[in-house]
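# Coordinates in review
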Amino acid sequence: MFADRARIYVRSGKGGDGHVSFRREKYVPNGGPDGGDGGRGGDVIFQVDEGLNTLTDFRHVRKYKAVDGQEGGKRNCRGKDGEDIVIKVPEGTVIKEAESGKVIADMSGDNKRIILLTGGRGGNGNQHYATSTMQAPKYAQPGQPARELELLLELKMIADVGLVGFPNVGKSTLLSRVTNARPKIANYHFTTLIPNLGVVDLDDAKGFVIADIPGLIEGASEGVGLGHEFLRHIERTKVIIHMVDAAGTEGRDPVADIYAINKELEEYNMEIASRPTVIAANKIDAITDTENNPIDALRAEFEPKGIRVFPISAVSGEGLKELLYHVSGLLDKTDDKPVVFEQEYFPEFSNSYSNEPFTVEYSEEENEYVVEGPRIEKMLGYTNLESEKGFTFFQGFLKDTGILEQLEELGIQEGDTVRMYGLKFDYYK
């Protein structure tokens, strides 16, 4: 079975703990602290592999973990950094947070390699905590914890044109005729069990990639039949070729078929249903009723709505040239930028809303408000406040965790100073 979905668990490396040790040398009776820093934990990296076209590998391996950083050593020796883990995926893979379904990254376009989860920072050794009043600190900083996520991977094919229609209308035959693809062809329903891609080359015109989507049926958007499993593969397409059996060889009404499939597309994604569409009226070589020509009925129904109808025979090749050049012309009028799904979920901020404690107090001695605790330290450790995105998250964190409310209850006024683990800022509403 074609593997275009997978659910996996990923974990970055934990930062190595800082080390506690003291110099012990023959002629140095009062050696100072010399505990080294812990190593950085490994990152979780996703990378596009041009040689892959399915997510089959993820059926066998579902857990991916980067290596933890090593603990620091004595004599100021720094711990070894943990190795990154590189996860290779086919181009077009959309990475989502499994629980919310929100997009983290779309491995398409320029996104060939991304760091999804950063490893934990190594902790400071006790050498960093020596002061004039504390010359022999017996503590060191632990490494930052690992970060983990459950991910949903979805492969959404990268094709310019989507070929849709009921089963057995000739889509596979058309694809084999106009591209180098060799899909399975037979005279029964659901011959095509996997989406097929092919490249159309045209003289004096821009070629394009076409995707044959397995046959849709009524109820596909609700999970009936095979179509629901593969509707995601037309989400990137810019033009849709709707193929029908104009001859009605199976007793179906081609006009009714088009409306039925359009209804499924609308219920799945209204934006997809509104994209430029052409109708390929296939099997004209099998039309026997010349008085009530079904092509005339199709044109009368859809061409007033701006949808061109092209009578074709995928078997003989009749009408294919006109259809393909028209589709190429439609593509020339569309935005040539690739369809890339925007990021909706930001892993770098996901672990900051933990249940760990924090305190909000006023220091009369320093005349400032002090916010401390493991949750604050973790948030500041993972957040780059110099970036616009990071600062916006920082503001939201203060509000959502109730810190701003507690500061106001303590009587904070505009211009008062707030301190968070060495970070100081003036309070303004």
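What you see is a predicted model; the values in this text were computed from it and never measured.

Turning to the confidence of the model for the chain, a few remarks are in order. Looking at the chain, pLDDT values average 81 and 86% of them are 70 or higher. Counting contacts from residues 183-193, a segment whose pLDDT is below 50, to residues more than four positions away or on other chains yields 30 contacts.

Counting across every chain of the model gives four aromatic pairs. Centre to centre, the rings of tyrosine 129 and tyrosine 139 are 5.4 Å apart; their planes meet at 45°, and the pair counts as tilted. Taken together, the positions of tyrosine 129 in the loop between β7 (113-117) and β8 (148-155) and tyrosine 139 in the loop between β7 and β8 put the pair ten residues apart, joining distant regions of the chain. For tyrosine 129, a relative accessible area of 24% gives the class partly exposed. Relative to tyrosine 369, the ring of tyrosine 362 has its centre 4.8 Å away and its plane inclined at 50°; by these criteria the two rings are tilted. Tyrosine 362 sits in the partly exposed class, given a relative accessible area of 36%.

To continue, consider empty space enclosed by the protein. The rolling of a water-molecule-sized probe over the atoms marks out the regions of remaining empty space. Inspection of the entire model under this criterion finds one cavity of 30 Å³ or more. Each pocket or cavity is described by its volume, and for the largest cavity that value is around 40 Å³. Of the residues assigned to the lining of the largest cavity, the class counts are two nonpolar, one polar and four charged.

Cut-offs used in this document
Residues numbered from 1 in each chain as written. Predicted model: local features only at pLDDT ≥ 70, side-chain atom pairs only at ≥ 80, totals over all residues. Heavy atoms only, no water. pLDDT = per-residue confidence, 0-100. Contact = heavy atoms within 4.5 Å. Phe/Tyr/Trp six-rings, centres within 6.5 Å; stacked < 30°, edge-to-face > 60°. Helix = DSSP H or I, 4+ residues; strand = E, 2+ residues; numbered from the N terminus. Buried < 20%, exposed > 50% of the residue type's maximum accessible area, 1.4 Å probe, protein only. 1 Å grid on protein atoms, 1.4 Å probe; cavity = no way out; pocket = protein on both sides within 12 Å on 5 of 7 lines; lining within 4 Å. Points joined across faces, edges and corners; volume = space filled by probe spheres on them. Nonpolar A, V, L, I, M, F, W, Y, C, P; charged D, E, K, R; others polar.

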